[in-house]
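Examination of the molecular architecture
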Amino acid sequence: MKHPDDDNELFNRLEAEMTDPGAPAGGEVVDLGKARTARGESTDPAPDPSADSGPSQSADPEPTGSADGRPTLVDSTVPTVSGPGVIDRIKNSKRLDVFPAWLKSAAEFREALGWLAGHAWHTVAFHTVRVPVVYLPKLIWRSPRGALHTLAKVGRWSVDAEGEALRQYTATNEQVDEYLKLSRQRDRRVRLRMILTIIGSLFTLGTVLFLVYGAEPMTQVIAATVAVLGFGLAGAPADAPLATRAVIKTEVQKLTSDIVIKAMASIGIGQIASAVAKGKDGIQFAAPITREGPGWRADIDLPLGVTVADVADRRARLASGLRRPLGCVWPDADPNEHEGRLILWVGDRDLSKTGIVKWQLAGARRHDIFKGIPFGLDPRGRGQSVPMIQHNVLIGSQPGQGKTASVRVLACGAALDPSVEMWLHELKGTGDVDALACTCHRFVSGIDDDSIKYAADSLTLLRAEVMRRAAAIKKLPRDLCPDKRITRTIADKRSLKLWPLLAVFDECQNLFAHPKYGKQAGEDAEFIIKLGRALGVILILATQRPDKDSLPTGISGNVSIRFCLRVAGQVENDMILGTSAYRNGVRATAFRPEIDAGNGYLAGAGPLPSVVRTAYLDDPATNTIAQRALALRKAEGTLSGRALGEDAESTAGPSYDLLADVAAVVPASEKRVWNERIAARLVELRPAVYGGWKGENVTSALKPHGIKTTGIAGTTDDGERTTRRGIVRDDLTTAIAERDGNRGAA
C-alpha cells in the first residue's frame, strides 16, 4: 500500500537541503554521469530525512532484489579470500614417478629382462635355423642374376648411360649450347671411366686366374663364398628380401585426444554430445595420454554430474567409437580423485587373447600366506594378489568360466605355506583338487550325501574351533597379541595351535541347498565368517548358482573378498559382488561366455573392483606344487589328519551338536543354569571341542540359535548367593524342537 507521504517525498527532500546549515552558499554543478555511477555502486540508499514522519515501505525487502529494485549480487566481484597460497598448491600437487613402475618392482624388472632375453633368443634362433636351409640356397640361386646386374651397372657407368636421357632432351628441343656442353662432359667422363674400367677388368681377370690356378684351396673357398654372397645380395629383387621377420609387430592405432573425444561423444551421454555439437570438447584431459603397459592410458575429467559408472555402462559403445575390440577397452575410476575422474585404458590386444597367465608362484619353493596369494593380471599387465589373513573369499560364475581354476590357484598358494592347515571339500566329484589331498587335514571329493555330510561336519568342527581360538587368544599377553588377531609370530608358535586354517568349499550350493544338512551348514558358515577372520580361520566358498537358496544372504553379505566371473544377470552379479555393484558399473554380465573364461571382477582386494585374468594351473602343474608342499610339511612336521593317513575328527551322529551337548549337560530338573557352569560341563564332556570355553563363549554360541541369556539367581560352590548370566532350559528345548521341526519340514 502506498503511503500518503510518498507524493511529498521530493518536496520534503528539497526543502531539507535548502534549510541545511552545512550546505554551500553558492550553487553547485552536478555531474549526472558520476551521480548515476555512484548510485549504481551503492547497495544501500541514503537514509530518508522524512523517515520519522511515518513508515514509507515494508521493513522486509524482497529476497531477490535490493532496496532500490535492482538484483542483489551473490558473488562479490572481488574475492574476499584468495584461496590456497603457492606453497599449499605445491604441497597438494601430484608428483609423477621418477622411474616407471616396472623398474621399481624387482619382480616386474626381472620379468621385463626375461622377456627381453627371450625375445633376443627367439630372433637369433629363428635366423640361425634358416641360414643353411633358406638363406644360403637363396643366395646361390640369385648369384648369377646378381653377377649380370653388376656387369650391366659397370657397363652403364663406363659409357655414362645415366646422362643419355638428358642429352636426348636437349637435342630434341634444339638446345644446341646445352647439348654441346653435355656432349663434351660425356666425352671427358667416358675417357676416364673407360680407362678405369679396363684397368679394373684386367685386375679382376688377374685375380680370378690367380685364385683358380695359384691360390690355396681354403682361399678359393673363401673367395667363392664371398662372390656368391655378394652377387646373391646384388641379385635380390626389391620386393623379395632375403630374410624374413622373426617377430611380426602388431600395429595398433595410437590413442589421441581427437579419437577419445569423438568416441566419448558417441556413447549417448547428453552433456558430452551437446558440448561436442557446439564445437567444444565435452571432456577435459587431466594428464597427457601416455603408454602404460601394453596399451594407452587417458586420464579424463567428465562433465559435471557424469560418473565413471555412466561410462562403464556404455563400454560396448565406447569400444565401437574407438574401433577396438571390447576386451581392449577398460574404463576405471581413480580411487584417489573425485567420482568424475575416468581412467580410460585401451589395450593393444583383447584381454581374452593374451594367452594363459603364468602363475608367479609356479616355481616358488615356499610362500607366506600373510603376504597374500598372487592371483593373476589386470588388463594393464599388473600382478594382482588376494589377501587371505582376516578375509574370506566368495567366488561365483556360470559353469565353465574358470571358477574351479581360480579356487585351485588360491589353494596351491596356501599349500606352499607349511604352517597352513588345509581343509578341502570339492563337492562336484570331478577330482579337480585331488592332487592337494596329500597336504590336507580334512579332504573330500564327491556329490553324494556322505560327502555333503562330511562337509557339513567340517563346518561344525570349524565353528567349535573358532570358539576355542577366541578363548585361547583372549588369554595371550597383550604385548604378544595387542590387536587380538593372528599374526605371523603367533602362527609360528605351534604350541598355541593358532596357525592359519584354510577351508575350501567348492560347489558350496550343493551343501547349503541340501534338505537335511543345508540349514545348519549355512548357520555355521555365517558364524565362522563373522568371527573367524581375526582368528586365522579362512573360508573360500565357490558356487555356480548364486541365489538366496544356494547361498544364504548372511554369508554373501559378510564375505570381504569377492571374485565374479561371467554370470547371467543383475541378481547373480549383485549376489557375488555385493548390493548395487551392477548399478555402479561393476558388471560381470559383460564378459563373453567361453571367450572371456578366466576373466572376472575382483572386489575387496583393492580400493576399487578391478578386472583380473586369473593364472591357470593344469593338473601336472598342480601335482608338482602339491608334492613340493608335501615335502615342506614333512620337513617342518606340520602334516596332520588325512595327510598322515589318520581319520580326522568326525561329527558322525548328534554328539557334536551344540544344542544336544548343552541339553546333555543340563538335566531336566535344572530349570535355570549359569553359562559358566555349562561351559565347565562342556569342557568335561568334550575337551577337544570345547577346551578353553568360558561363560561368554556359551553366550556367543547360543545366540545364533535364538537362546538369550538372562540374570539368574543362584548359589556358588562356596555357598554365596549371587546373580549371574545364564539360560532357561525351556528356551533350549524350544530351540531344539524348532530346529528339528524345520529340518523335518525341509
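Residues numbered from 1 in each chain as written. Predicted model: local features only at pLDDT ≥ 70, side-chain atom pairs only at ≥ 80, totals over all residues. Heavy atoms only, no water.

**Points about the packing of helix α9 (residues 257–265) against helix α10 (residues 270–277)**
Selection criterion: Only the stretch in contact is used when a helix axis is fitted, and all axes are lines through C-alpha atoms; the angle between N-to-C directions ranges over 0 to 180 degrees. Labels follow the DSSP assignment, with helices taken as runs of H or I lasting at least four residues and strands as runs of E lasting at least two, numbered in each case from the N terminus. Oblique is the label for any angle not covered by the other classes, which are roughly parallel (under 35 degrees), roughly antiparallel (over 145) and roughly perpendicular (65 to 115). Whether two residues are in contact is decided by their heavy atoms: any pair within 4.5 Å suffices. Side-chain classes are defined by residue name, with Ala, Val, Leu, Ile, Met, Phe, Trp, Tyr, Cys and Pro counting as nonpolar, Asp, Glu, Lys and Arg as charged, and the others, Gly among them, as polar.
The N-to-C vectors of α9 and α10 enclose an angle of 120 degrees; their axes lie 8 Å apart at closest approach. With respect to their mutual orientation, α9 and α10 come out oblique. In this structure, α9 contributes Ile261, Met264 and Ala265 to the contact, and α10 contributes Ile272, Ala273 and Val276. Residue classes in the contact of α9 with α10 are distributed as 6 nonpolar, no polar and no charged.

**Here's the deal with the nonpolar core**
If you look at soluble globular proteins, the nonpolar side chains tend to sit buried side by side. Using the following cut-off: For this analysis, a nonpolar core means a set of buried residues of the types Ala, Val, Leu, Ile, Met, Phe, Trp, Tyr and Cys, connected via side-chain atoms within 4.5 Å. Per-residue accessibility, obtained with a 1.4 Å probe over protein chains only, is compared with the maximum for each type, and a residue is labelled buried under 20%, exposed over 50%, and partly exposed between these values.
Membership of the largest hydrophobic core comes to 74 residues, with the highest contact counts inside it found for Leu462, Phe505 and Leu511. The biggest single contributor to this core is helix α14 (residues 449–474), with 10 residues. Dropping the residues within four chain positions of it, leucine 511 is found in contact with Leu427, Ile452, Ala455, Ala456, Leu459, Phe505, Tyr517, Gly518 and Ala521. Grouped together as the second largest cluster of nonpolar side chains are 43 residues, Val386, Ala437, Cys440 and Val612 included.

**Focus: the packing of helix α6 (residues 164–172) against helix α7 (residues 176–213)**
Which entries qualify depends on this criterion: If you view the pair so one helix is near and one far, a crossing is left-handed when the near helix is turned anticlockwise from the far one by less than a right angle, and right-handed when it is turned clockwise.
One way to put it is that α6 packs onto α7 with a least axis distance of 9 Å and a crossing angle of 150 degrees. Considered as vectors, α6 and α7 are oriented roughly antiparallel to each other. For the crossing formed where α6 meets α7, the hand is left-handed. Together, Leu166, Arg167, Thr170 and Ala171 of α6 and Glu178, Tyr179, Leu182 and Arg186 of α7 make up the contact between the two elements. Split by residue class, the contact of α6 with α7 holds 4 nonpolar, 1 polar and 3 charged.

**Focus: the sheet that holds strand β17 (residues 710–715)**
For clarity, the cut-off: DSSP-based pairing: two strands are paired if at least 2 bridges between them are found.
Here we have 3 strands laid out as an open sheet, ordered β16-β18-β17, and antiparallel in their pairing. Both outer strands of the open sheet, β16 (672–674) and β17, are each paired with one neighbouring strand and no more. Ignoring which end each strand starts from, the neighbouring axes of this sheet average 60 degrees apart. As paired elements, β17 and strand β18 (residues 721–728) share 6 bridges and run antiparallel to each other. Each residue of the ladder has a partner; that of glycine 711, found in β18, is arginine 725. Docked against the sheet, helix α22 (residues 675–685) engages β16, β17 and β18, running at close to 75 degrees with respect to β16.

**Some thoughts on the pattern of salt bridges**
Here is the rule we go by: Only one rule defines a salt bridge in this text: a Lys or Arg side-chain nitrogen within 4 Å of an Asp or Glu carboxyl oxygen.
Scanning the entire structure with this criterion turns up 34 salt bridges. The partner of aspartate 417 in a salt bridge is arginine 488, with the nearest N and O atoms 3.0 Å apart. Residue aspartate 417 is located in the loop between α13 (403–415) and β9 (421–426), and its partner arginine 488 is located in helix α15 (residues 488–492); the two are separated by 71 residues in the primary sequence. Aspartate 417 gets classed as buried once you look at its relative accessible area, which sits at 2%. Residue arginine 681 is joined to glutamate 670 by a salt bridge in which the shortest nitrogen-to-oxygen separation is 3.0 Å. Separated by 11 residues along the polypeptide, arginine 681 in helix α22 and glutamate 670 in the loop between α21 (658–665) and β16 bring together distant segments of the chain. A relative accessible area of 24% places arginine 681 in the partly exposed class. Under the relative-accessibility criterion, glutamate 670 is labelled buried at 18%.

**Thoughts on helix α12 (residues 315–322)**
Note the following rule: The directions from the helix axis to the C-beta atoms form the arc being described.
Looking at α12, one finds that the buried residues are Arg315, Leu318, Ala319 and Leu322. When α12 is viewed along its axis, its buried side chains cluster within an angular range of 100 degrees and face the same direction. Of the residues one or two after α12, arginine 323 is the one with positive phi, at around 60 degrees.

**Some details on the confidence of the model for the protein chain**
What counts, and what does not: As a per-residue measure, pLDDT reflects the predictor's confidence and takes values from 0 up to 100.
Per-residue confidence for the protein chain gives a mean pLDDT of 81; residues scoring 70 or more make up 83%. Confidence, expressed as mean pLDDT per element, reaches its minimum in the protein chain at helix α2 (residues 32–41) with 52 and its maximum at strand β11 (residues 501–506) with 95. Below pLDDT 50 for its whole length, residues 650–655 participates in 16 contacts with residues either more than four positions away or in separate chains.

**What to know about the pairing of strand β10 (residues 440–445)**
For β10, a buried count of 5 out of 6 residues is recorded, marking the element as mostly surrounded by other parts of the structure. As paired elements, β9 and β10 share 5 bridges and run parallel to each other. Of the residues in β10, the one forming a bridge with tryptophan 423 is arginine 442.

**Looking at helix α17 (residues 518–531)**
The condition that has to hold: Given the number of residues in a helix, its expected span is that number minus one, multiplied by 1.5 Å.
Spanning 14 residues, α17 covers 20 Å between terminal C-alpha atoms, matching the ideal 20 Å at 1.5 Å per step. By the burial criterion, the buried members of α17 are Gly518, Gln520, Ala521, Gly522, Asp524, Ala525, Phe527, Ile528 and Ile529.

**Here's the deal with the environment of aspartate 661**
Tracing the backbone through its elements, the reader meets aspartate 661 in helix α21. Aspartate 661 gets classed as buried once you look at its relative accessible area, which sits at 3%. Spatially, the C-alpha atoms of aspartate 661 and leucine 685 are 8.2 Å apart, while their sequence positions differ by 24 residues.

**Let's talk about a nonpolar patch on the surface**
Note the threshold: For patch detection, residues must exceed 30% relative accessible area and be free of salt bridges, and they are connected within 9 Å for like charges or within 5 Å for nonpolar side chains (Val, Leu, Ile, Met, Phe, Trp, Tyr). Surface accessibility follows the Shrake-Rupley procedure with a 1.4 Å probe radius. Residue values consider only the protein chains on display as shielding.
On the surface, Val98, Phe99, Leu103, Phe109, Leu113, Trp115 and Leu116 cluster together into a nonpolar patch covering about 740 Å² of accessible area. Here leucine 113 is to be found in helix α5 (residues 106–158). Judged by relative accessible area, which is 44%, leucine 113 ranks as partly exposed.

**A short note on unusual backbone geometry**
One non-glycine residue with positive phi stands out, namely lysine 484, at about 55 degrees. Relative to the elements of secondary structure, lysine 484 occurs in the loop between α14 and α15. Non-glycine residue glutamate 594 carries a positive phi angle of around 65 degrees. With respect to the helices and strands, glutamate 594 occurs in the loop between α19 (570–577) and β14 (599–603).

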